[in-house]
Amino acid sequence: MNILVINPGSTSTKIAIFHDKELFHKRNISHSTEELKKFATIIDQFEYRKNMVLEELAHTDVPLQFDAVIGRGGLTKPLDGGVYEVNEAMISDIKSNEHSHASDLGCIIAASIADEIEGCRKFIADPVIVDELCDYARVSGNPLLPRISIWHALNQKAIARRFAKGQGKKYEDMNLVVCHLGGGISVAAHEHGKAVDVSNALDGEGPFAPERCGSVPAGALIRLCFSGKYTQEELLKQVAGNAGLAAHLGTNDMRAIEDRVNNGDEKAKFMVDAMIYHIAKEIASKGAVLYGKIDAILLTGGIAHWTYVVEEIRKRVSYLAPVFNFPGEDEMQALADNALAVLKGEREAKVFK
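Since we're looking at a predicted model, the values are computed, not measured.

So, how was this worked out
Residues numbered from 1 in each chain as written. Predicted model: local features only at pLDDT ≥ 70, side-chain atom pairs only at ≥ 80, totals over all residues. Heavy atoms only, no water. Helix = DSSP H or I, 4+ residues; strand = E, 2+ residues; numbered from the N terminus. Contact = heavy atoms within 4.5 Å. 1 Å grid on protein atoms, 1.4 Å probe; cavity = no way out; pocket = protein on both sides within 12 Å on 5 of 7 lines; lining within 4 Å. Points joined across faces, edges and corners; volume = space filled by probe spheres on them. Nonpolar A, V, L, I, M, F, W, Y, C, P; charged D, E, K, R; others polar. Buried < 20%, exposed > 50% of the residue type's maximum accessible area, 1.4 Å probe, protein only. Core = buried A, V, L, I, M, F, W, Y, C linked by side-chain atoms within 4.5 Å. Axes fitted to C-alpha atoms, helices over the stretch in contact; angles between N-to-C directions. Parallel < 35°, antiparallel > 145°, perpendicular 65-115°, else oblique. Left-handed = near helix turned anticlockwise from the far one by under 90°. Pairing = 2+ DSSP bridges.

Colleague: Help me out: how do you make sense of the side chain of lysine 286 in this one?
Modeller: For lysine 286, the position within the fold is in helix α11 (residues 266–289). Contacts of lysine 286, omitting those with residues within four sequence positions, involve Val177, Val187, Ala188, Ala189, Asp197, Val198 and Ser199.

Listed below in C-alpha cells is the structure:
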C-alpha cells in the first residue's frame, strides 16, 4: 500500500511517503514568515501549501499513485478517537470554526490530492481534540469552566496500540496510563480503548512542562489578570509559550537544560526535579480514575530520551504498574500506521457527522 502523509505546522508542511510500514521519502517543506504573511487566514494558505506538496512530489519523481492520503487532524468539533474518512462535513466544520491552526489544512490538502487519484482514500486520525472523557471528568468546581480535552491524542494512542500489540493484546482490552513528555505534557487514563480522563496540555492543567504552566493557583491568576501589569496576550503566553521551565530557567530547550543539570547547575536540577514530582503526581491521579487497575504506565515524547527523567518518574510511580518507555514522537509513522490499518481491514474508518 502506498500512503502519502501530510502534516501542516505553523511554519512548515511535513510530508512522507510509506510503502506499507516502510518509509520511502520524507521532507520538511519550510514556509517563510514573508510568504505566509500574504494570506489573511490559515485556510487561505491551502492552494499555496498544496502546490508546494505537489512540487516536492514532482521533484522526487514520485507519481501520484497512492492508496490513501492521510492528513494531520485539525480543530474540528470534539470527536471520538480513531481514523476518519475526510468528507464535506469535516471540511465545512474546519472552515467555519472560529479557532484555527495550521493542522486544519491537513484534511483539506489530503482530500484535494486524493480526489485527483482514482481509488485513493482520504483520512485523518486522532486529532488533538479527541474527546472521550467520562462525564465526571468534564466537571470542574465552576459550571462556567467545564474541563475540556486537548492532548497529544495521535502519539498517545499510537504508542498505546503499539504496546498492546507487543503484549499480544488489543488496546481496547487494556487499562493504561500514558504520559506524553514534550514541550507540553499530557497524561491520560486509557480505559479499554477510550481516554476517559486527560490533562489539558494547552490551557493550564496537569504538570508544568518546558513551555507550559500546568495547573496554577486560580485566585492568584485572577489577581494577576487584574493587576494592570500585563496584556491578555502576555498572560496567555505565561500559560503556554513563556511558561514552565522556560519561565524559570530562561529556555525550553531540554538538551540545553540537560547539559546544565549535568554540569552541576543546582537551580536547573531543582526545577527538573519539581517537574518530575508533578508529572508523577498526575500519573498517580489517573490511577484513581482506573480504580488502581492499571496494566502499564507508558512514557513517550521527546523528553523520554532523557534517562534521568524517565528513571526518576519510574521510582515514584512503579508501585502502580510496570513503567515502559517509548522515547520520541513520530507523527508521520503514526498517521501512516492508522491509514494502513484501515486499508488492510484491521480497523474501520469512522464517518464525520
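Colleague: Just to check I follow, could you spell out empty space enclosed by the protein for this structure?
Modeller: By rolling a water-sized probe across the atoms, one finds the places where empty space is left. Enumeration according to the criterion identifies one cavity of 30 Å³ or more in this entry. Of the pockets and cavities examined, the largest cavity occupies roughly 40 Å³. What lines the largest cavity is simply Gly184, Ile185, Asn200, Ala201, Leu202, Asp203, Gly204, Glu205, Pro207, Ala209, Arg212 and Gly214. Considered class by class, the residues forming the lining of the largest cavity number five nonpolar, four polar and three charged.

Colleague: What exactly am I supposed to notice about the environment of serine 30 here?
Modeller: Topologically, serine 30 is positioned in strand β3 (residues 22–30). Here serine 30 falls in the exposed class, since its relative accessible area comes to 54%. Note: C-alpha distance between serine 30 and serine 10 (20 residues apart in sequence) is 9.5 Å. Excluding residues within four positions of it along the chain, serine 30 makes contact with Thr11, Ser12 and Met52.

Colleague: Whenever I open this one, the nonpolar core confuses me. Can you help?
Modeller: In a soluble, globular protein the nonpolar side chains are often hidden away together inside. Leu181, Ile283, Ile297, Leu299 and Ile313 are the most contacted members of the largest nonpolar core, which has 36 residues in total. In terms of residue count, α11 provides more of this core than any other element does, nine residues in total. Not counting the four nearest positions on each side in its chain, isoleucine 297 is found in contact with Val177, Ile283, Val317, Leu320, Ala321, Pro322, Val323 and Phe324. In this structure, Phe66, Leu75, Met90 and Ala111 belong to the second largest nonpolar core, which totals 31 residues.

Colleague: Help me understand the packing of helix α3 (residues 88–96) against helix α4 (residues 105–114) in this model?
Modeller: Two measures define how a pair of helices packs: the angle their axes make with one another and the distance between the axes. It is the contact of α3 with α4, at a shortest axis distance of 9 Å, that shows an interaxial angle of 140 degrees. In this view, α3 runs oblique relative to α4, as classed from their interaxial angle. Of the two elements, α3 crosses α4, and the hand of that crossing is left-handed. Where α3 approaches α4, its residues Met90, Ile91, Ile94 and Lys95 are matched on the opposing element by Cys107, Ile108 and Ala111. Grouping the amino acids of the contact of α3 with α4 by side-chain chemistry returns six nonpolar, no polar and one charged.

Colleague: Please explain the pairing of β3 as it appears in this structure.
Modeller: Along any regular strand, the residues point their side chains to alternate faces of the sheet. Relative to β3, strand β2 (residues 12–19) runs antiparallel, the two sharing eight bridges. The residue bridging serine 12 from the neighbouring strand is serine 30, located in β3.

Colleague: Mind showing me how you'd approach the sheet that holds β3 here?
Modeller: Where strands meet in a sheet, backbone hydrogen bonds hold them as pairs that are either parallel or antiparallel. In spatial order, the strands read β3-β2-β1-β4-β6-β5-β12; together these seven strands make up an open sheet with mixed pairing. If you trace the sheet from one side to the other, it starts and ends with β3 and β12 (350–351), each paired once. Sheet analysis places strand β1 (residues 2–8) next to β2, joined by seven bridges and oriented antiparallel. Bridging from a neighbouring strand, proline 8 pairs with threonine 13 of β2. Across the sheet, helix α2 (residues 46–59) is in contact with β1, β2 and β3; its angle to β2 comes to roughly 45 degrees.

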